[in-house]
Amino acid sequence: MAVNAKKIAVYALVVFVLYVIITDPETAADYVLIGFQGISDAAGAVGDFMTWAAKGGN
């Protein structure tokens, strides 16, 4: 039963994403840009932390 609920949730998410892309592509592009910017910022922060840790935390 849980597998069916998971499949339904995935299908609903895909339909929603396609709906947003088709009805308002500019907003969808903004959402993608925000997502990639967040991933980039997080990767930069992890890199800064690793550099700090490798230098002994000073």
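See the structure printed just above.
Overview of the structure. (Residues numbered from 1 in each chain as written. Predicted model: local features only at pLDDT ≥ 70, side-chain atom pairs only at ≥ 80, totals over all residues. Heavy atoms only, no water.)

### With respect to the packing of aromatic side chains
Here the structure, examined in full by the defined rule, presents one aromatic pair. Taking 5.7 Å as the distance between ring centres and 35° as the angle between the ring planes, the aromatic pair formed by phenylalanine 49 and tryptophan 52 counts as tilted. A residue pair is termed a helical-turn pair when its members lie 3 or 4 positions apart in one helix, as phenylalanine 49 and tryptophan 52 do in helix α2 (residues 25-54) at three residues. A relative accessible area of 47% places phenylalanine 49 in the partly exposed class. Of the residues examined, tryptophan 52 reaches a relative accessible area of 43% and is grouped as partly exposed. (Phe/Tyr/Trp six-rings, centres within 6.5 Å; stacked < 30°, edge-to-face > 60°. Helix = DSSP H or I, 4+ residues; strand = E, 2+ residues; numbered from the N terminus. Buried < 20%, exposed > 50% of the residue type's maximum accessible area, 1.4 Å probe, protein only.)

### Some points on the environment of aspartate 24
Looking at where aspartate 24 falls in the secondary structure, it is placed in the loop between α1 (2-23) and α2. On a C-alpha basis, the gap between aspartate 24 and glycine 38 in space is 22 Å, while along the polypeptide they are 14 residues apart. Within the structure, aspartate 24 has its side chain in polar contact with the side chain of threonine 27 (distance 2.5 Å). (Polar contact = N/O pair within 3.5 Å; in protein donor to acceptor, adjacent residues only side chain to side chain.)

Geometry only, nothing functional implied.
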